[in-house]
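Close look at the chain arrangement
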Amino acid sequence: MADAQLIERWQHIQEKIYQSAIRHQRDPNSIKLIAVSKFHSAEAIRTLADAGQKSFGENYVQEMTEKAQKLAALNIDWHFIGPLQSNKCQWVAETASTIHSLDRLKLVAPLARYRPQTLPPLAVLLQVNIDYETSKAGTTDFESLCQLAQAVMAQERLSLQGLMAIPAISSDMATQRAAFEKVRLLRNQLAEKLNLNLPELSMGMSSDLDAAIAEGATIVRVGTDIFGRRITPVT
Ligand SMILES: *Cc1c(COP(=O)(O)O)cnc(C)c1O
């Protein structure tokens, strides 16, 4: 995609977020856009970073690490949003500001151990499997969510910020909103139980952005509507 077209699509998404926020009585500045760049080139990321996009989301550890090295001069804010194996925690801890996909206890200690002292604590969002889909990662019950949250809270090098979810695909706004509402209520329940402020709700992608914003998303993760369709891995 030509640079000008990419920038235009990115601006269009920003406008969409702004309009959606206004429509749902939200402060547009309370919603952060993560540009999901998986399978797209480091050059496409550079184009948007030069245009002012700060945060990018990646799903694969090696792909994120390679892009981060290539683009080190740009001070990009990397968000890891994909499934993580425990033997790859070091790369996420060293590269990302935030992990959206923490979903099991086994990842907690290695992420904390490898978080460099020179960086602020790694921001953590816990992934919840809100529609109980077997194909998706994330905790499915409140008990395991609490255990996971407490394990993260016990680590000085991790900072628990909220929840992330990828609901089942639906093109119906009411269905989309019902799923996101469940995520918000779960966040409220968890915050109350742990007596903790959990400000972040990472929810909403290209196809359900408006519903997520209506239900309180503070972070939206948009790939296709910015970069176009994903064909094959770049790296
Ligand atoms: C790929 C991906 C996205 C972006 O999805 P689009 O539909 O392309 O906007 C968002 N979140 C996660 C976790 C992803 O894996």
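Anyway, here's the lowdown on the structure attached to this text. Throughout, residues of each chain are indexed from 1 in the direction in which the sequence is written. Per-residue local features of the predicted model are confined to residues with pLDDT of at least 70, and side-chain atom pairs are confined, for both listing and counting, to 80 or more; whole-chain, interface and lining totals are unaffected and use all residues. Note: side-chain values were computed over all heavy atoms of the structure, leaving out hydrogens and water.

What follows is about helix α3 (residues 61-70). Only protein chains enter the accessibility calculation, which uses a 1.4 Å probe. A residue is then buried if its area is under 20% of the maximum for its type, exposed if over 50%, and partly exposed in between. Only DSSP runs of H or I covering at least 4 residues are called helices, and only runs of E covering at least 2 are called strands; the numbering of each starts at the N terminus. Listed as buried for α3 are V61, E63, M64, T65, K67 and A68. Residue contacts are defined here by distance: any two heavy atoms, one from each residue, within 4.5 Å place the two residues in contact. Elements that come into contact with the buried residues of α3 comprise α2 (42-51), β2 (55-58), β3 (77-80) and α4 (89-95).

The environment of the ligand is made up of V36, K38, N59, I81, I166, M205, S206, R221, V222, G223, T224 and R230. We define a polar contact as two N or O atoms separated by no more than 3.5 Å, with the added condition that, inside protein, one atom must be a possible hydrogen donor and the other a possible acceptor, whereas residues neighbouring each other in sequence contribute only through side-chain atom pairs. A distance of 2.7 Å is found between an oxygen atom of the ligand and a side-chain nitrogen or oxygen belonging to K38. The side chain of R221 places a nitrogen or oxygen atom 2.8 Å from a nitrogen atom of the ligand. Relative to its unbound accessible area of 390 Å², the ligand is 90% covered by the protein chains. For each structure, a 1 Å grid was placed over the protein atoms alone; sets of points admitting a 1.4 Å probe that cannot get out are labelled cavities, open sets with protein on both sides within 12 Å along at least five of seven lines are labelled pockets, and lining residues have an atom within 4 Å of a point. A molecule is counted as occupying a cavity or pocket when more than half of its atoms fall within 2 Å of that pocket's grid points. Taken atom by atom, the bulk of the ligand overlaps the largest pocket. Residue polarity is assigned by list, with Asp, Glu, Lys and Arg as charged and Ala, Val, Leu, Ile, Met, Phe, Trp, Tyr, Cys and Pro as nonpolar; anything else, Gly included, falls into the polar class. Along the lines of polarity and charge, the residues of the shell around the ligand split into 5 nonpolar, 4 polar and 3 charged. Residue proximity to a molecule or strand is established when one non-hydrogen atom of the residue lies within 4 Å of it. Areas reported as accessible are Shrake-Rupley estimates using a 1.4 Å probe. Residue values count occlusion only from the protein chains shown.

Turning next to the layout of surface pockets. Reported here for the largest pocket is a volume of approximately 720 Å³. Residue lining of the largest pocket: 29 residues in total, with K38, N59, I166, M205 and R230 positioned closest to the centre. Grouping the constituent residues of the lining of the largest pocket by class yields 14 nonpolar, 10 polar and 5 charged. Grid points are joined across faces, edges and corners, and a volume is the space filled by probe spheres set on the points. Here the second largest pocket defines a volume of roughly 310 Å³. In terms of lining residues, the second largest pocket is bounded by 13 residues, among which Q14, P28, I31, K32 and L33 are the most central. Counting only elements with at least two residues in the lining of the second largest pocket, the list comes to α1 (3-23) and β1 (32-36).

Moving on to the packing of helix α6 (residues 142-153) against helix α7 (residues 173-194). One can describe the packing of α6 onto α7 by two numbers: an axis separation of 11 Å at closest approach and a directional angle of 55 degrees. By the angle class used here, α6 and α7 are oblique. Read as a crossing pair, α6 and α7 show a hand that is right-handed. Across the interface between the two elements, F142, L145, C146, A149, Q150 and M153 of α6 pack against L186, Q189, L190, K193 and L194 of α7. Partitioning the contact of α6 with α7 into residue classes produces 8 nonpolar, 2 polar and 1 charged. Throughout, an axis means a line fitted to C-alpha atoms (over the contacting stretch in the case of helices), and angles, computed between N-to-C directions, take values from 0 to 180 degrees. The scheme is simple: roughly parallel for angles under 35 degrees, roughly antiparallel for over 145, roughly perpendicular for 65 to 115, oblique for anything else. Crossings are assigned a handedness: left-handed for a near helix turned anticlockwise from the far helix by less than a right angle, right-handed for a clockwise turn.

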